[in-house]
Each structure stands twice: as C-alpha cells, then as structure tokens.
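# Commentary on secondary and tertiary structure
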Amino acid sequence: MSQTLRPAQRTRSFTESVIREMTRVARETGAVNLAQGFPDFPAPEGMKEAAVRAIRGDINQYAVTWGAPSLRNALAQWYRSRYDMDVDPDKHVTITCGATEAMASGFLGLLDPGDEVVVLEPFYENYAPDALLAGAEARFLALDPPEYRLHADRLEALVTPRTRALVLNTPNNPTGRVFSDDEMEAVARICRERDLVVVTDEIYECILYEGRHRPMATLPGMADRTITISGASKTFSVTGWRLGGIVAPESITGAIRKVHDFLTVGAPAPLQEAWAWAIRELGDEYFRSLATQYRARRDLLVQGLQDAGFRCQAPEGAYYILADFSQLSDDDDTAFSHRLAREAGVAPVPGSSFFHGGGGGSLVRFAFCKQMSTLQDGVERLIRFSAAGGS
Ligand code: GLN
C-alpha cells in the first residue's frame, strides 16, 4: 500500500462501531434488529408537519452556526422549566449534529493531549474514541453487575493530576441505571474537590421508569463545571435527524462553538425548527405517554428474555437490557450475537462493545425502542431458539 495512504495514527486504536455493524448484520440475515437503539415507530405527527412547513417555508439554508435562535430559546426554556436551570440561549447553548457530535465537540473544545477522562464501564462505545480523537486518555471506572453501582472510593482512586473530566451518562446505556442522589452527590463532591468537569450524556432524560431526571448541572456548585448534552433523537424518536444540544458555561461555550463550526457548520436548519416546535408544543401528556409506552415495551422484553433463559433485570431508565446468556451458550459474546442473528433471527449487540480490553463476554444488549409487535416477534423467536437447545 502507498505510504501516502497510511491511515492516521489516531484512527488505529479504535474499531468501527459494533452497534452499527450489528444493524448491518440484522439487515443481511433478516433478523429482528434489537441491536442499534433506534425506534421502528413513527415520530410525532405534528413534529413531522413542522419539518415539512419549515422546508416549504424556505428554511433551507444554514442556520446560525451554533443553532437557530428559535431552537436555542426553546431549549433554554426547556432547561429552565423542567429543571430550574439558569440557561441563557446566547451564552450557554450550542446545537449540534446529534449528541454524538456534541460529545466530540465538547471533548475537542475542552481536552488537551495528555489529559485523562474518567469513563464509567460498561460504557456507550463512542466515549473512548472521542477521548482518543481529542488526544486524551480514557480511564475506566468499573461498575459491577448486577447492581452497576458507582463507588465513590473507586472514583477517587482513579483521579490523577492529569484528570480533567468525567463522562456521566444517566439514564445509562447500556446498564439501564439511573444514578441515585447519593451517587450523583458523591460524583459532584469529588469533581468540586478535584477540580474536574463533568460531561454528561442525558439523551435518555425523558425515558425513565421512576421519578424524574436530575441533571448533574443542578447539583450545588456544578452548573459552572458541567457540560450538559442531550438531543431530540430519543425523546422525539427522530434518531436520523441528527439533532443534539449542549448547555455549557460561557467560558467553554466559545471553544466548543468553534470546534462545532469547523466540524459541521451546523445542524439541519428546517429540522431545528421542528425540534423547537416539539419542545414548545408537546406537553406533559406526550412525555407521560412516552414513558408509559416504554415501560410496557421494557416489561414485555424483560419477561421474554427471562422466559428464553437469559438472566437480566428491568432497567430503571433508557431503553436497553443487558442480558447474561451463559445459561444458553458457551460461545463468546460476539459469536453468540452473530449466531443469534442467523439462527434465532434476533440481532443483539455483543457485550464486549461496552468494555475496554475484555469484559462483557457473557453479555449481550437488547434495545426495546420497538413496536410491541416487533418485540413480541423477537421474543417468540428467542423462545423457539432456546427451546431447540440454544447453541
Ligand atoms: N445510542 C444508540 C445505541 O446505543 C444508537 C447509537 C448510534 O448508533 N448513534 O444503540
């Protein structure tokens, strides 16, 4: 191969996304896709209409780089009214191409080469590559199954003089944890004492099964050291629209906006208008019904997985179930996932995708952001597979 075409060093220490790969496997094998977390049901009708209106109304050119004013205003109002956060749309809000870009822009705006970032393990697979792209190093804080509790003493032991930030994803993908007040307060205390920034991933803020979401930025002293990330994808079932949002202190927002500008210029202008519409117009009833429907989907899949011989428990939030398959097979997680796609006709994500260098070998993750009929079909296939002797 020509030396000129040698891939950059920074791309060599991570692989392509296994989550996205399993979607391709599901397509090839005709399996029910319970791998990648995207809904197979429609987005809210009014939101789709708002997007169409925006396109017909000629909102088809670049929006303001850091977000259309209507959307930044709506999002600031969202954080004020739901969480009592003091958010200024001009100083604190940046709209990005999904929470994925928000996380990358946040890291690139914040971190220097050699900095360390604490990532809770198991983790959503983007965080470590994001850290590497910023030249930083991920340090992993283990959460032990089946409770996946966050131990403050372990966090304290992991922090070094080079640690700059911690990534907190709650409700959590893939464990389903919603971190408790105790855990959140311990993280906040350590971040204040050791002068760390928390980069949160709150994309599942509206998908939880008990109580209300509590953003890290609302804990005492944390608004000034938290980069809050969320988006439209999960709350409004529009993962393909690529709309994310960042709320950050003014002192770091400028750096994040510069990175965002040169990476993507901006998120799709007409879709930003439709997200603003959804925030303004879809009231409590929409969010109650979203959580109720997700609860029914969760209960169906948890029961079905247990009936098929998986060991798992009901998540407290988000829409994933991490399931132990060791009663069904001696395969490793990757072999088992591919076999499940081919032989059972259901595609999960191998557990090792959520761990660095080993771990997750007897786990697979199932997503239940699917219609009840899709889940029912998936469960029947799994039960047939296990009744036939598994693998
Ligand atoms: N967050 C979803 C998942 O974990 C989808 C992520 C993605 O592919 N961008 O499956």
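Every value quoted in this text rests on a predicted model; they were computed, and no experiment measured them. (Residues numbered from 1 in each chain as written. Predicted model: local features only at pLDDT ≥ 70, side-chain atom pairs only at ≥ 80, totals over all residues. Heavy atoms only, no water.)

Now for the packing of helix α11 (residues 333–344) against helix α12 (residues 372–387). Each pair of packed helices can be described by the angle between their axes along with the distance between the axes. Relative to each other, α11 and α12 sit at 100°, their axes nearing to 10 Å. Relative to α12, α11 is oriented roughly perpendicular. Here α11 contributes F336, L340, E343 and A344 to the contact with α12, which in turn contributes R381, L382 and F385. Grouping the amino acids of the contact of α11 with α12 by side-chain chemistry returns five nonpolar, no polar and two charged. (Axes fitted to C-alpha atoms, helices over the stretch in contact; angles between N-to-C directions. Helix = DSSP H or I, 4+ residues; strand = E, 2+ residues; numbered from the N terminus. Parallel < 35°, antiparallel > 145°, perpendicular 65-115°, else oblique. Contact = heavy atoms within 4.5 Å. Nonpolar A, V, L, I, M, F, W, Y, C, P; charged D, E, K, R; others polar.)

Let us look at the nonpolar core. Membership of the largest hydrophobic core comes to 135 residues, with the highest contact counts inside it found for I227, F236, W275, F310 and F366. At eight residues, the largest contribution of residues to this core is made by helix α10 (residues 284–307). In contact with F366, other than residues within four places in its own chain, are L34, L301, L305, F310, Y319, Y320, I321, A323, L340, V346, P348 and L382. (Core = buried A, V, L, I, M, F, W, Y, C linked by side-chain atoms within 4.5 Å. Buried < 20%, exposed > 50% of the residue type's maximum accessible area, 1.4 Å probe, protein only.)

Our next topic: the sheet that holds strand β7 (residues 226–231). Across the sheet, seven strands lie side by side as β2-β8-β7-β6-β5-β3-β4; this open sheet has mixed pairing. Pairing within the sheet leaves two strands with one partner each, and these edge strands are β2 (93–96) and β4 (137–142). Each neighbouring strand pair of the sheet contributes to a mean axis angle of 20°, computed without reference to strand direction. Bridge analysis of β2 against strand β8 (residues 244–247) gives four bridges, and the strand direction is antiparallel. The partner of V93 across the bridge, within β8, is V247. Across the face of the sheet, helix α4 (residues 98–110) comes into contact with β2, β3 (116–121), β5 (163–169), β6 (197–201), β7 and β8 while running at roughly 170° to β6. Relative to the sheet, helix α8 (residues 250–264) contacts β2, β7 and β8, its axis offset from that of β2 by approximately 20°. (Pairing = 2+ DSSP bridges.)

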